[in-house]
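# Structure assessment
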Amino acid sequence: SAVISQKPSRDICQRGTSLTIQCQVDSQVTMMFWYRQQPGQSLTLIATANQGSEATYESGFVIDKFPISRPNLTFSTLTVSNMSPEDSSIYLCSVQDYLTQYFGPGTRLTVL
Amino acid sequence: AQSVAQPEDQVNVAEGNPLTVKCTYSVSGNPYLFWYVQYPNRGLQFLLKYITGDNLVKGSYGFEAEFNKSQTSFHLKKPSALVSDSALYFCAVRDGKDSNYQLIWGAGTKLIIKP
């Protein structure tokens, strides 16, 4: 299975600022996903990021707020822009590998 | 519409006893079913999956799950629970006909194993 790392693991940010989360995979994968999770709650898909195409956003998520880059088959970034306390959450990167999704360790974001 | 239900918010089991975490699903096509575990302050770890074939699938850490098509269920089981099994468990399903590979997630079940 793919090994996924995320940076930063956690951060505390001021409202109105932006944070970019990095996701690195140890193998080439076509499909990557970005999720948001409130602690103890289920996962909400933000967007699907395939290399070579624009990210596809789910209802309630827009590119201006959550811009995503996918420059190659092993790397992606998610930016949380103009943050508010409501953006405080865990952000998870995931990759599709042989019908199974594997997850990174997550980025715990707190917005003050 | 596709959906996944985990009817129990929390399951309490004594160490050494068998455990079951329930999951039922609804998809229009053939279901691809998954179980994940999340330990405190950790990411999600893949436990096991059913795609096709034998209805009983075995996964990591001694867990297994049985696909029951008539009851549209995919319950997670372990014969003898360990305190270290205490975690949050998620069931997820994908419609095999769905080309966008998106998973539908259950709400999660908190498993507490008491010594």
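Calculation criteria
- The written sequence of each chain sets the order in which its residues are numbered from 1.
- Chain letters start at A and ligand numbers start at 1, both assigned in the order the entries are written.
- The predicted nature of this model means local features are confined to residues of pLDDT at least 70 and side-chain atom pairs, given and counted, to a pLDDT of 80 or more, with totals for whole chains, interfaces and linings taken over all residues.
- As a convention, hydrogens and water are excluded, and side-chain values are obtained from all of the structure's heavy atoms.
- What we call a nonpolar core is a set of buried Ala, Val, Leu, Ile, Met, Phe, Trp, Tyr and Cys residues that are connected through their side-chain atoms within 4.5 Å.
- Burial here depends on accessible area, computed with a 1.4 Å probe over protein chains only, as a share of the maximum for the residue type. Under 20% is buried, over 50% is exposed, and the range in between is partly exposed.
- Working definition: helices are DSSP H or I runs of at least four residues, strands are E runs of at least two. Numbering for both runs from the N terminus.
- Contacts are residue-level and defined by heavy atoms, with any inter-residue pair within 4.5 Å sufficient.
- When DSSP finds two or more bridges between a pair of strands, those strands are recorded as paired.
- Note on geometry: axes are lines fitted to C-alpha atoms, helical ones only across the stretch in contact, with angles between N-to-C directions running from 0 to 180 degrees.
- Computed with a 1.4 Å rolling probe, the buried area is the accessible surface lost when two parts are put together, summed over both parts.
- By definition here, a salt bridge exists when the distance from a side-chain nitrogen of Lys or Arg to a carboxyl oxygen of Asp or Glu is within 4 Å.
- Think of a polar contact as two N or O atoms within 3.5 Å of one another; within protein, one of them needs to be a possible hydrogen donor and the other a possible acceptor, and neighboring residues in sequence only count if both atoms come from side chains.
- Asp, Glu, Lys and Arg are counted as charged, while Ala, Val, Leu, Ile, Met, Phe, Trp, Tyr, Cys and Pro are counted as nonpolar; the rest, among them Gly, fall into the polar class.

Formed by 28 residues in total, the largest nonpolar core has its most connected members in B:Leu19, B:Trp35, B:Leu47, B:Leu48, B:Phe74, B:Leu76 and B:Tyr89. Those elements that place two or more of their residues in this core are strand S2 (10-14), strand S3 (19-21), strand S5 (31-38), strand S6 (44-50), strand S8 (64-68), strand S9 (73-78), strand S10 (87-95) and strand S12 (109-114) of chain B. Of the residues forming this core, the biggest block, four residues, is contributed by S10(B). When near neighbours in sequence (up to four residues on either side) are disregarded, B:Leu48 contacts B:Leu33, B:Phe34, B:Trp35, B:Val57, B:Lys58, B:Gly59, B:Phe63, B:Glu64, B:Ala65, B:Phe74 and B:Leu76. Judged by nonpolar contacts, the second largest core, of 27 residues, contains A:Cys23, A:Ala49, A:Ile68 and A:Cys93.

Residue and element names in this part refer to chain A. Reading across from one edge, S1-S3-S8-S7 is the order of the four strands in this open sheet, with antiparallel pairing throughout. Since the sheet does not close on itself, it has two edges, and those belong to strand S1 (4-7) and strand S7 (68-72), each with one partner. Looking at each pair of strands side by side, their axes are set apart by 15° on average, direction ignored. When S1 meets strand S3 (residues 19-25), the two strands line up antiparallel, connected through four bridges. Its bridge partner being in S3, Gln6 is matched across the sheet by Cys23.

Right, let's talk about the interface of chain A and chain B for a bit. Taken together, the contacts link 22 residues of chain A with 21 residues of chain B. Between chain A and chain B, the buried area comes to about 1600 Å², and carbon and sulfur atoms account for 55% of it. It is A:Ser42, A:Leu99 and A:Phe103 that lose the most area in chain A upon contact with chain B, and together they represent 29% of the buried surface on that side. At the boundary of chain A and chain B, one finds zero salt bridges. For the interface between chain A and chain B, the tally reads seven residue pairs in polar contact (both at pLDDT 80 or more). Of all the secondary-structure elements, those providing two or more residues to the side of chain A that touches chain B are strand S4 (31-37), strand S5 (43-50), strand S9 (89-97) and strand S10 (100-103) of chain A. Tallied by class, the residues present in the side of chain A that touches chain B amount to 11 nonpolar, nine polar and two charged.

With that settled, the discussion passes to the environment of B:Ala5. Residue and element names in this part refer to chain B. Turning to its location among the elements, Ala5 is positioned in strand S1 (residues 3-5). A sequence separation of 87 residues divides Ala5 from Ala92, and the C-alpha atoms of the two residues are 9.2 Å apart. Every residue in contact with Ala5, bar those within four places of it in the chain, is listed here: Lys22, Cys23 and Thr24.

Side chains that differ in sign of charge can pair as their charged atoms come close. Residue and element names in this part refer to chain B. On inspection of all chains with the given rule, the structure shows three salt bridges over all chains. In this structure, the salt-bridge partner of Lys58 is Glu64, at a minimum N-O distance of 2.9 Å. Residue class for Lys58 comes out exposed when judged on its relative accessible area of 63%. Of the charged contacts, one joins Lys78 and Asp85 as a salt bridge, the two residues approaching to 2.9 Å between their closest N and O atoms.

Right, let's talk about the pairing of S4(A) for a bit. All names here are of chain A. With six of its seven residues buried, S4 lies for the most part within the structure. For S4 and S5, the ladder comprises seven bridges, and the chain directions are antiparallel. Along S5, the bridge assignment pairs Tyr35 with Leu45. Where S4 meets S9, six bridges bridge the pair, whose relative direction is antiparallel. Paired with Phe33 across the strands is Ser94, a residue of S9.

Residue A:Lys7 is joined to A:Pro8 through a cis peptide bond whose omega torsion reads -5°. We note that A:Leu99 has phi near 75°; this positive angle belongs to a residue other than glycine. Locating A:Leu99 in the fold gives a position in the loop between S9 and S10. Exposure remark for A:Leu99: the relative accessible area of 30% places this residue in the partly exposed category. Positive phi values are uncommon outside glycine, yet B:Tyr61 reaches one of about 60°. Inspection of the secondary structure assignment puts B:Tyr61 in the loop between strand S7 (56-58) and S8. B:Tyr61 gets classed as partly exposed once you look at its relative accessible area, which sits at 46%.

Everything listed here is a matter of geometry and, on its own, says nothing about what the molecule does.
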